Amino acid sequence: MTSFSDLNLDPKVLKAIEATGYTTPTPIQKGAIGPALLGRDVLGIAQTGTGKTAAFTLPMITLLGKGRARARMPRSLVLAPTRELAAQVAENFDTYAKGSRLKKALLIGGVSFKEQDRLIDRGVDVLIATPGRLIDHHERGKLLLTGVEIMVVDEADRMLDMGFIPDIERIFEMTPFTRQTLFFSATMAPEIERITNKFLSNPEKIEVERQNSTSETITQVLVEHTPKTKAMAAKDKRDILRAIIDRDKALADNPLRNAIIFCNRKVDVDIVAKSLKKSGYNAEPIHGDLEQSHRTRTLDGFRDGSITFLVASDVAARGLDIPNVSHVFNYDVPSHAEDYVHRIGRTGRAGKLGTAYTLSVPSDQKYLDAIESLTKSTLPRGENPWSPPGAAGARPARNEVEEEEATAKRSTSRTRSRSRKPVEDKTAEAPVSAPAPEAPKGDAPRAQTPRNAPHKDDRQDRDASDARTGGRSRGGRGRGDDRGPRVVGLGDHVPGFIEMSFEERRGES
DNA sequence: AAAAAAG
C-alpha cells in the first residue's frame, strides 16, 4: 500500500499532511502526484470528494519550493469556477504549505481590488482565482501571467456549464506554452476534450471511478407528493421538509444533525430559509445574489455548526467540502441530472453516512427519469410523513397545529370553527409549542424529542432505514391518490392557499 | 423553469 511518504513530496509537505491525520493517498492523488512532480501534464477525470484538491496542491507546493516569486508575476495559477471553491483551494494551500514560504493570493469577485492588488504587487507564488476577476486584473495591467510555471484548471466541466470556456482559453493563451498544466474535470464532454487536446501536451491521464454511481454511504430517498393544486406544491413541500427533518432527528441510523437544502431558484432559497426560520429552525440561505462576505460567513457558520440548515442554490452543489453533513434535501428536483449527483455528494463524505431526500411533484417526472437513467438506478421511494390538512385518513400532521395557530394570528376571525376540528383532539398529545430546538452539534439528547411522538409506532416496528424507504405502498395511508373529488369550502376544510401569507403566495407562481 | 461569474 502506498503512503504519502512514498511519493517524493517535500518533507515539509509530508509533515503538514501528517498533521492533518491523512496517511494514505486517494486514487487520484496516487495517480496524479507522481507525474506532476516529474513535470508532466496531468488530466484528471475525477469528481470532488476524491481528494482532487490535494492531488494538485501537494505537488505544486513541492515544485514551487525552489525559487522565488517576482512582483506581478505569479509562478502558478489555479482556476476554479466559483468563489467558494477558489476560497476552499486557498485554504488547502494554507494547510499544506505551512512549513514553506510560499505566498499566495486569492483573486475572486465580490471583494475589493485593493488587498488583491497589494498581494500581487508584492509577488505571489500561487494565485488562486475565478476567471472573471483574474481577467479583470489582467486587463488593468496589474498582472502578468508570463511567469506561470504551473497552471491548474479545477472543475472544468463546471466551467463549461457556466460558459467560462472562452475565458479559460484566453487565460491559457496569456501563460507561456512551456508551463505545466494540471487539468481536472468530472466528465470529458467534447468541448472539454477539445480544450485538453489544445492546451495539454502528452498528459498523464488519470481516471478515478465516476461517482455517477453515487456513493454507497448515501441513502437516497425519493418522497413523492401530489399537491391538490399546483399552487400548493411549494407550501406542501415546506411542510414535508419540516416533517422529515423532525422525524429524522430521532433516527438511530444517521440521525439528522444538519442539512443542506437545495432549491432550483434563488427566490425559493430565500423563501424556504425564511419559512424554516419562522418555524424556529436554525437556517440560513446562500446563493449568488448575496454579498460575498455574507456568503462566506454563512458557509463558515454551517461548517462550524452554528448554522444547522443551509438553504442553497447550486452555488453550493459542487465541490464544497463540508465534512459531517448528515442530510441533503432536494427541495426541488434538479433539472440537470448531473446536479443531482453533485448535490447529494455533499453528504456521506469521508466514509460517513449520509441521507439524501428528494421531494418531487408529478411535474418533476421527466427530471426524475433523467436522474434515474444517469445513476442507472431506481431511487428508493420513501414514506411521506406529512399529509395535507383535511386529507381523508390522514394521520395528524403536526403542521396543522402550527398552521392553524399562524392562521389564527394572521386572519381576523374566520367562519370556520377551529374547536370542532377533529384534528385538534388527535394532536392534543403532540406539543403545540414552537418546533423542537435544533439538534445540537454534537451528540443530541434525542430521547426528549416529543416532536416525533406521532411517528413513534412506525419507528418501533421497523428499523430506521425501513422507516425511511419502506412505506410506499403500505396500508393505503397518506398520499391520498385514491381520494375522490371533494367539495372544498371554508367549513371543515380550508384550502391551503388561504393559510398562506401574501408573501408566501407571491412566492408560489 | 435556473445558477454561476466581472461590474
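None of the values given here were measured: they were computed from a predicted structure.

Q: It is not clear to me how the packing of aromatic side chains should be interpreted in this structure. Could you clarify?
A: Within a pair of aromatic rings, the relevant descriptors are the distance that separates the centres and the angle that separates the planes. Under the criterion given, the structure shown has four aromatic pairs. Pairing F172 with F199 gives two aromatic rings, centres 4.3 Å apart and planes at 5 degrees, and the pair type is stacked. Of this pair, F172 sits in helix α8 (residues 165–174) while F199 sits in helix α9 (residues 190–199), placing them 27 residues apart in sequence. The pair formed by F172 and F199 is uniform in burial state, with each residue classed as buried. When the ring of F329 is compared with that of Y357, the centres are 5.3 Å apart and the planes differ by 10 degrees; the resulting orientation is stacked. Of this pair, F329 sits in strand β12 (residues 327–330) while Y357 is found in strand β13 (residues 354–360), placing the two residues 28 residues apart along the sequence. Y357 sits in the buried class, given a relative accessible area of 0%. It is R133 that lies over the ring of F113; its NZ or CZ is 3.8 Å from the centre.

Q: When you look at a positive patch on the surface in this model, what are you seeing that I'm missing?
A: Together, K12, R68, R101, K103 and R122 give the surface a local cluster of positive charge. With respect to the helices and strands, R122 occurs in helix α5 (residues 113–122).

Q: Could you clarify how one ought to interpret α8 in this entry?
A: Working note: α-helix, 3.6 residues per turn, so residues spaced by three or four point in the same direction. Here α8 has its buried residues at I165, I168, E169, I171, F172 and M174. Buried residues belonging to α8 abut β2 (76–79), α6 (131–139), β5 (150–153), α7 (156–161), β6 (180–185) and α9.

Q: Would you explain the sheet that holds strand β3 (residues 104–107) in this entry?
A: The strand order β3-β4-β2-β5-β6-β1-β7 describes an open sheet built from seven strands, whose pairing is parallel. Each end of this open sheet is capped by a strand with a single partner; those strands are β3 and β7 (204–207). Adjacent strand axes in the sheet meet at a mean angle of 10 degrees, parallel and antiparallel pairs treated alike. Sitting on the sheet, helix α2 (residues 27–37) is in contact with β1 (42–45), β6 and β7, with an inclination near 170 degrees to β7. The strands that α9 touches are β1 and β6; relative to β6, the one it contacts most, it runs at about 170 degrees.

Q: Looking at this structure, how should I read the protein's contact with DNA strand B?
A: The environment of DNA strand B is formed by 21 residues, the closest being T130, R133, K266, G288 and Y367. In this structure, T130 approaches DNA strand B through a side-chain N or O atom, which is 2.5 Å from a phosphate oxygen. At 2.4 Å, a backbone N or O of G288 approaches a phosphate oxygen of DNA strand B. Mapped by element, the contributors of at least two residues to the surface near DNA strand B are α6 and α14 (365–374). Residue composition of the surface near DNA strand B, grouped by class: five nonpolar, nine polar and seven charged.

Q: Can you walk me through unusual backbone geometry in this structure?
A: The phi angle at E155 is positive, at roughly 55 degrees, despite the residue not being glycine. Residue placement: E155 occurs in the loop between β5 and α7. The exposure class assigned to E155 is buried, which follows from its relative accessible area of 5%. Phi at K376 takes a positive value of approximately 50 degrees, unusual for a residue other than glycine. For K376, the position within the fold is in the loop between α14 and α15 (398–410).

Q: Help me understand the UniProt feature "domain: DEAD-box RNA helicase Q" (unreviewed entry) in chain A in this model?
A: On the UniProt side, "domain: DEAD-box RNA helicase Q" (unreviewed entry) is annotated at positions that read residues 2–30 here. The straight-line gap between the two end C-alpha atoms of residues 2–30 is 8 Å; of that span, 48% is helix and 0% is strand.

Q: So what exactly am I meant to see when it comes to the sheet that holds β12 here?
A: Within a sheet, each strand pairs with its neighbour through backbone hydrogen bonds, oriented either parallel or antiparallel. Here six strands make up an open sheet; going across it, the order is β8-β13-β12-β9-β11-β10 and the pairing parallel. Of all strands in the sheet, those with a lone pairing partner are β8 (218–224) and β10 (283–286), marking the two edges. On average, adjacent strands in this sheet sit at an angle of 20 degrees to one another, irrespective of strand direction. As judged from the four bridges shared by strand β9 (residues 259–262) and β12, these two strands associate in the parallel manner. The partner of I260 across the bridge, within β12, is V328. Across the sheet, helix α10 (residues 233–248) touches β8, β9, β11 (309–312), β12 and β13, and the angle it forms with β13 is around 155 degrees.

Q: Could you clarify how one ought to interpret the packing of α5 against α6 in this entry?
A: The angle between the axes and the distance between the axes are what describe a pair of packed helices. Running from amino to carboxyl end, α5 crosses α6 at an angle of 65 degrees, the nearest separation of the two axes being 12 Å. The orientation of α5 relative to α6 falls into the category roughly perpendicular. As α5 packs across α6, the resulting crossing turns out to be right-handed. Between α5 and α6, the residues in contact are F113, Q116, D117 and I120 and R133, D136 and H137, respectively.

Thresholds, definitions, all that
- Residues numbered from 1 in each chain as written.
- Chains lettered and ligands numbered in written order.
- Predicted model: local features only at pLDDT ≥ 70, side-chain atom pairs only at ≥ 80, totals over all residues.
- Heavy atoms only, no water.
- Phe/Tyr/Trp six-rings, centres within 6.5 Å; stacked < 30°, edge-to-face > 60°.
- Helix = DSSP H or I, 4+ residues; strand = E, 2+ residues; numbered from the N terminus.
- Buried < 20%, exposed > 50% of the residue type's maximum accessible area, 1.4 Å probe, protein only.
- Lys NZ or Arg CZ within 6 Å of the ring centre and 35° of its normal.
- Patch = residues over 30% accessible without salt bridge, like charges linked within 9 Å, V, L, I, M, F, W, Y side chains within 5 Å.
- Areas by Shrake-Rupley, 256 points an atom, 1.4 Å probe, with all protein chains shown as cover.
- Salt bridge = Lys/Arg side-chain N within 4 Å of Asp/Glu carboxyl O.
- Lys, Arg positive; Asp, Glu negative; His and termini not counted.
- Charge placed at Lys NZ, Arg CZ, Asp CG, Glu CD.
- Contact = heavy atoms within 4.5 Å.
- Pairing = 2+ DSSP bridges.
- Axes fitted to C-alpha atoms, helices over the stretch in contact; angles between N-to-C directions.
- Near = heavy atom within 4 Å.
- Polar contact = N/O pair within 3.5 Å; in protein donor to acceptor, adjacent residues only side chain to side chain.
- Nonpolar A, V, L, I, M, F, W, Y, C, P; charged D, E, K, R; others polar.
- UniProt positions renumbered as here; feature names shortened; annotations may be inferred.
- Parallel < 35°, antiparallel > 145°, perpendicular 65-115°, else oblique.
- Left-handed = near helix turned anticlockwise from the far one by under 90°.

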